[in-house]
Amino acid sequence: MIRSRGYWAGVWREFRRNRLALSGLVVVLALFVVALLAPLLANDKAYIYISQGKAYFPILFEYPELAGVNFRGESAGTFVLMPPIPYTSSEYDLDAIVMPPSARHILGTDEQGRDLAARMIHGTRVSILVGFIAVFIYVTMGVIIGALAGYYGGVVDMLVSRFIEIIICFPTFFLILTILALVGPSLVNVMLVIGVTGWTGIARIVRGATPIVERRISAPKVKEILEEPAELSVFLKGLVSPYDTLHCDILEQAQHPGLLTIDRAGKTFTIDLAHN
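Because the structure is predicted, anything quoted here is derived from the model rather than measured. (Residues numbered from 1 in each chain as written. Predicted model: local features only at pLDDT ≥ 70, side-chain atom pairs only at ≥ 80, totals over all residues. Heavy atoms only, no water.)

Asker: Where do I start with the overall build of the protein chain in this structure?
Answerer: When helices and strands are counted, the protein chain shows twelve helices and three strands. Burial status across the protein chain gives 28% buried among its 276 residues. The long-range share in the protein chain, meaning contacts at least 24 apart out of those at least 6 apart in sequence, stands at 61%. With the model as given, the accessible surface of the protein chain reaches about 18,000 Å², and the carbon-plus-sulfur share is 69%. (Helix = DSSP H or I, 4+ residues; strand = E, 2+ residues; numbered from the N terminus. Buried < 20%, exposed > 50% of the residue type's maximum accessible area, 1.4 Å probe, protein only. Contact = heavy atoms within 4.5 Å. Areas by Shrake-Rupley, 256 points an atom, 1.4 Å probe, with all protein chains shown as cover.)

Shown next, in the form of structure tokens:
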């Protein structure tokens, strides 16, 4: 009997041989770490603040006696340990509007004097949240709709295929902006709009793969598989090559890399307008 542990060990072994894939994994993990530690990396509150022999930890706790204290300001008899980026993402510095990178603002400031490094660090959380939830929505929709079209075929397949072609004909960027203009800009709406407009590629892949899978399965085999969990595990793993699946996913995600970047910038700008 084939053990699932051996299968995943083989997948990981092949994955490690691809240096580009490993590099991508490192980048994704680094983004997760930055998103998780964003309040510790970019904050206007000090890690440690020692004044008059008493130690405070403002970044972790609220102290009424420290209300209104500017931790970036130097004063005699105090010790202050600040985060690497001593600014929040929404803090305005009217004396440093549209500044180039400097020791004060390592990536410069925007037209409202906000630190760009702090905004990028805190924006990582929003990007990851939107990405994961939106991808979950459109993968779920794509798998369900594509499987229904491929399984039933005939009129259902024709209607779904024509509907997919209609959706694809619309420019994705302008379609998303139009929907956001109707429902209003917000983080939840952005995630939903990306989800409900990005399922067509997944649906086409699943629709094409469903008849192939259906031909591989016979009624007695289905009964045998469902009655034995170990057989089900082995069958599902051998049904589609992991390299084929990975290739399809990479191909799908690589079709519009520039458009995805433009979308993210557009949506961030829209959300920013809604919060200011």
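Here the narrative resumes.
Asker: Whenever I open this one, the packing of aromatic side chains confuses me. Can you help?
Answerer: Note on aromatic pairs: each is described by the distance of the centres and the angle between the planes. Applying the stated criterion across every chain yields a total of seven aromatic pairs. Each ring, one from Tyr49 and one from Tyr56, has its centre 6.2 Å from the other, and the planes form 40°; the classification is tilted. Taking relative accessible area as the criterion, Tyr49 reaches 9% and is therefore assigned buried. When the centroid spacing of 5.0 Å and the interplanar angle of 80° are considered together, the rings of Tyr56 and Tyr63 count as edge-to-face. Of the aromatic side chains, those joined through ring pairs into one cluster are Tyr49, Tyr56, Tyr63 and Phe71. (Phe/Tyr/Trp six-rings, centres within 6.5 Å; stacked < 30°, edge-to-face > 60°.)

Asker: Mind showing me how you'd approach the pattern of salt bridges here?
Answerer: Pairing is possible between side chains that carry opposite charge, provided their charged atoms lie close to one another. Under the criterion given, the structure shown has nine salt bridges. Of the charged contacts, one joins Arg104 and Asp93 as a salt bridge, the two residues approaching to 2.6 Å between their closest N and O atoms. Of this pair, Arg104 sits in the loop between strand E3 (78-81) and helix H4 (116-152) while Asp93 sits in the loop between E3 and H4, and the two are eleven residues apart along the sequence. The exposure class of Arg104 is partly exposed, given its relative accessible area of 43%. (Salt bridge = Lys/Arg side-chain N within 4 Å of Asp/Glu carboxyl O.)

Asker: I tried to follow the packing of helix H6 (residues 172-183) against helix H7 (residues 187-197) on my own but got confused; where do I start?
Answerer: Packed helices, taken two at a time, are described by the angle their axes make and the gap between the axes. At a minimum axis distance of 10 Å, the contact between H6 and H7 shows a crossing angle of 140°. One way to sum up the angle between H6 and H7 is to call them oblique. With respect to the hand of their crossing, H6 and H7 are arranged in right-handed fashion. Packed against H6, whose contacting residues are Leu175, Ile176, Ile179, Leu180 and Val183, the element H7 presents Asn189, Val190, Val193 and Thr197 at the interface. Class assignment for the residues of the contact of H6 with H7 results in seven nonpolar, two polar and no charged. (Axes fitted to C-alpha atoms, helices over the stretch in contact; angles between N-to-C directions. Parallel < 35°, antiparallel > 145°, perpendicular 65-115°, else oblique. Left-handed = near helix turned anticlockwise from the far one by under 90°. Nonpolar A, V, L, I, M, F, W, Y, C, P; charged D, E, K, R; others polar.)

Asker: Would you mind going over helix H2 (residues 19-36) with me for this structure?
Answerer: Owing to its 3.6 residues per turn, the α-helix aligns residues three or four sequence positions apart on the same side. For H2, built from 18 residues, the straight-helix expectation of 26 Å at 1.5 Å per residue is met to within 8% by its first-to-last C-alpha distance of 26 Å. Its side-chain oxygen at 3.0 Å from the backbone nitrogen of Leu20, Asn18 defines the N-terminal cap of H2. (Expected span 1.5 Å × (residues − 1). Polar contact = N/O pair within 3.5 Å; in protein donor to acceptor, adjacent residues only side chain to side chain.)

Asker: How do you make sense of the side chain of Thr88 when you look at a structure like this?
Answerer: Position of Thr88 relative to the elements: it lies in the loop between E3 and H4. A polar contact is formed between the side chain of Thr88 and the backbone nitrogen of Glu91, at a distance of 3.3 Å.

Asker: When you look at a nonpolar patch on the surface in this model, what are you seeing that I'm missing?
Answerer: Residues Val33, Leu36, Leu37, Leu40, Phe57, Leu60 and Phe61 make up a contiguous nonpolar surface patch of roughly 660 Å² in combined accessible area. Assignment of secondary structure puts Leu60 in the loop between strand E2 (54-56) and E3. (Patch = residues over 30% accessible without salt bridge, like charges linked within 9 Å, V, L, I, M, F, W, Y side chains within 5 Å.)

Asker: Please explain the environment of Leu116 as it appears in this structure.
Answerer: When you line up the elements, Leu116 lands in helix H4. Each C-alpha atom, one on Leu116 and one on Tyr87, is 9.6 Å from the other, the two residues being 29 residues apart in sequence. In this structure, Leu116 is in contact with Leu107, Gly108, Thr109 and Asp110, ignoring residues within four places of it in sequence.

Asker: So what exactly am I meant to see when it comes to the sheet that holds E2 here?
Answerer: Within a sheet, neighbouring strands are paired by backbone hydrogen bonds and run either parallel or antiparallel to one another. Taken in spatial order, the three strands line up as E2-E1-E3 in an open sheet, and their pairing is antiparallel. The open sheet has two free edges, formed respectively by E2 and E3, since each of these has just one partner strand. In this sheet, adjacent strand axes meet at a mean angle of 10° when their direction is disregarded. In terms of strand pairing, strand E1 (residues 48-51) meets E3 through four bridges, oriented antiparallel. The residue of E3 that forms the bridge with Ile48 is Leu81. (Pairing = 2+ DSSP bridges.)

Asker: I keep staring at the pairing of E1 and nothing clicks. Help me out?
Answerer: Each regular strand displays side chains that alternate between the two surfaces of the sheet. The side-chain alternation of E1 yields one buried face, formed by Tyr49 and Ser51, and one unburied face, formed by Ile48 and Ile50. Strand direction decides the pairing type here: E1 and E2, joined by three bridges, are antiparallel. If you follow Tyr49 over to E2, its bridge partner there is Tyr56.

Asker: Help me out: how do you make sense of the confidence of the model for the protein chain in this one?
Answerer: Detailed conclusions should not be drawn from predicted coordinates in areas where pLDDT is low. Here the protein chain averages 76 in pLDDT, and 74% of its residues register 70 or above. Mean pLDDT values for the elements of the protein chain range from 36 in helix H12 (residues 257-274) up to 92 in helix H3 (residues 38-41). (pLDDT = per-residue confidence, 0-100.)

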